[in-house]
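The primary structure of each chain is shown beneath.
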Amino acid sequence: MGNALQSFVAVPPRSARSSSSAITALATPALTTLWGDRAPVVQEEPRLGEELSRPELFARICVRDPYFALSEVRVAGEGKLTARVPVEQETGGEASPINAAEVGRHLAILGSCAAAQVNPKEGQHYYLARRARLERLHAGPLPRATGLLLGTARAEFREKRTATAHTRLTDERGQALFSLEVDYNVLSAAAFLRLFQGARQDMRREPRAERGPRNTSADFAALRTNPHREPPPLHGYVRDGDCLKATLGPVSAELCKGHFALHPVMPVAVVMSGLSGLAGSLLRELVGNPSARYLVKHGEVRADSLAYAGESVTFGSHLHGVEGKDHRFYCWASVGERLVGVMELTLTCLE
């Protein structure tokens, strides 16, 4: 993405503004959250094949339900993990077993878990994504998955406060679906709380209902408490030639549920979902087919700042070029004049 992919940071409103110089090198947190007020728990070195419990994971990363939805997270080597990955959203116009934004959510979380296993410092840390690069690995259209998928992640620390995770998603038969590479800056929980104290809000904390079979009362109960089962509710769509815009908000604390407890911040996966969905809507309008199906071929994401509860976010997508069935889009999200994130996205139209 060239010069558009430079380092950035989210600067909280109110009292945390005085700390802006200290966090200019940090990126918007991608798919990581704080697990309440619990003190870090020192764990023994995990063994190969061992399943890591949620309390073990939550003591090292800043993720909690319902944003965290992985299961059977197991050690596969030094800095390597595997996990079962659910498909919680409908795929919409995407002809894939899982939509690209949900891939980004689950695999970035898994990558942060893998990075936590090789973090030389003990305790809870935030893994703040600078960039993410998504590639589709399956050749043609596939139906929506009906069961759990398999995620793998390998992570390493390249410098003291930076980590990279290489992740991959396959189906139950072993067919490769997507790869995602994520670069993180790493903050201790204490440093995050100090720097982002101005974003603190009291939020109701409650456990997510256990996932039951689809179409059961337990499943519907989970749906009511898990906003991440649905795409963000954009409204006010406006088309201007090759550009489509829409609005989200004001962002509710509920939409941030499980993402930065006590610091309600819109997850980057919600930004991705809004932007990719908007690009898909624009593609359908451009080809004149409101039911056209497509594949996400490639995506490159950068988050520039945070969107907080109470703020309204403008989403935009612009057609950048067409080559055969591939349509390249430049997408962005902003709060007023403040850029929240950008994404370059290539969609392959199947109609």
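Above this text is the structure in question.
Bear in mind the structure is a predicted one, so any value in this text is a computation, not a measurement.

A. Structural detail: the nonpolar core. Judged by nonpolar contacts, the single largest core of 80 residues is most densely connected at Phe-68, Val-73, Met-266 and Phe-315. Take this core: its biggest share by element is eleven residues, from helix H2 (residues 100–117). Within the second largest apolar cluster, twelve residues are counted, among which are Cys-62, Leu-187, Ala-189 and Val-265.

B. Quick peek at the environment of Arg-302. Tracing the sequence through the fold places Arg-302 in strand E9 (residues 294–303). Classification of Arg-302 as buried rests on a relative accessible area of 5%. Here the alpha-carbon distance between Arg-302 and Trp-332, two residues 30 residues apart in the chain, equals 9.5 Å. Only 2.4 Å separates the side chain of Arg-302 from the side chain of Asp-304, close enough to count as a polar contact.

C. Region of interest: H2. The end-to-end C-alpha separation of H2 is 26 Å, in line with the 26 Å expected for 18 residues at 1.5 Å each. Along H2, 18 of the 18 residues are buried, which leaves the element largely enclosed by surrounding structure. In this structure Asn-99 caps H2, since a side-chain oxygen of it lies 3.2 Å from the backbone nitrogen of Ala-101.

D. Region of the structure containing the sheet that holds strand E6 (residues 176–188). On the basis of which strands lie adjacent, the open sheet formed by twelve strands has the order E1-E2-E4-E5-E6-E3-E9-E12-E11-E10-E8-E7 and antiparallel pairing. In this open sheet, the two edge strands, each paired with only one partner strand, are strand E1 (71–77) and strand E7 (235–240). In this sheet, neighbouring strand axes are inclined to one another by 20° on average, regardless of whether the strands run parallel or antiparallel. With four bridges connecting them, E7 and strand E8 (residues 243–248) associate as antiparallel partners. Residue pairing for E8: Asp-240 is matched across the bridge by Cys-243.

E. Representation of the packing of aromatic side chains within the structure. Under the criterion given, the structure shown has four aromatic pairs. Their ring planes at 15° and their centres at 3.9 Å tell us that Tyr-126 and Phe-192 sit as a pair that is stacked. Remark: Phe-192 occurs in helix H3 (residues 189–195) and Tyr-126 occurs in strand E3 (residues 125–136); sequence separation between them is 66 residues. The pair Tyr-126 / Phe-192 is uniform in exposure class, with both members buried. Between Tyr-127 and Tyr-184 the ring centres are 6.1 Å apart and the planes differ by 85°, which places this aromatic pair in the edge-to-face class. Remark: Tyr-184 occurs in strand E6 and Tyr-127 occurs in strand E3; sequence separation between them is 57 residues.

F. Examining unusual backbone geometry more closely. Here the residue pair Asp-65 and Pro-66 is connected by a cis peptide bond, since its omega of 0° sits within 30 degrees of zero. With respect to the helices, strands and loops of the structure, Pro-66 is situated in the loop between helix H1 (54–58) and E1. Cis geometry is found at the peptide bond from Gly-249 to Pro-250, where omega equals 5°. If you trace the backbone, Pro-250 turns up in the loop between E8 and helix H5 (268–287). The phi torsion at Glu-72 lies on the positive side, around 50°, for a residue other than glycine. When you line up the elements, Glu-72 lands in strand E1. Glu-72 gets classed as partly exposed once you look at its relative accessible area, which sits at 37%.

G. Highlighting the side chain of Ser-112. Residue position: Ser-112 is located in helix H2. A polar contact is formed between the side chain of Ser-112 and the backbone oxygen of Ile-109, at a distance of 2.6 Å.

H. Structural view of H5. Counted at 1.5 Å a residue, the expected span for H5 with its 20 residues is 28 Å, and the 29 Å between its end C-alpha atoms agrees. The buried count for H5 comes to 14 of 20 residues, which makes it a mostly enclosed element.

Criteria and cut-off values
- Residues numbered from 1 in each chain as written.
- Predicted model: local features only at pLDDT ≥ 70, side-chain atom pairs only at ≥ 80, totals over all residues.
- Heavy atoms only, no water.
- Core = buried A, V, L, I, M, F, W, Y, C linked by side-chain atoms within 4.5 Å.
- Buried < 20%, exposed > 50% of the residue type's maximum accessible area, 1.4 Å probe, protein only.
- Helix = DSSP H or I, 4+ residues; strand = E, 2+ residues; numbered from the N terminus.
- Polar contact = N/O pair within 3.5 Å; in protein donor to acceptor, adjacent residues only side chain to side chain.
- Expected span 1.5 Å × (residues − 1).
- Pairing = 2+ DSSP bridges.
- Axes fitted to C-alpha atoms, helices over the stretch in contact; angles between N-to-C directions.
- Phe/Tyr/Trp six-rings, centres within 6.5 Å; stacked < 30°, edge-to-face > 60°.

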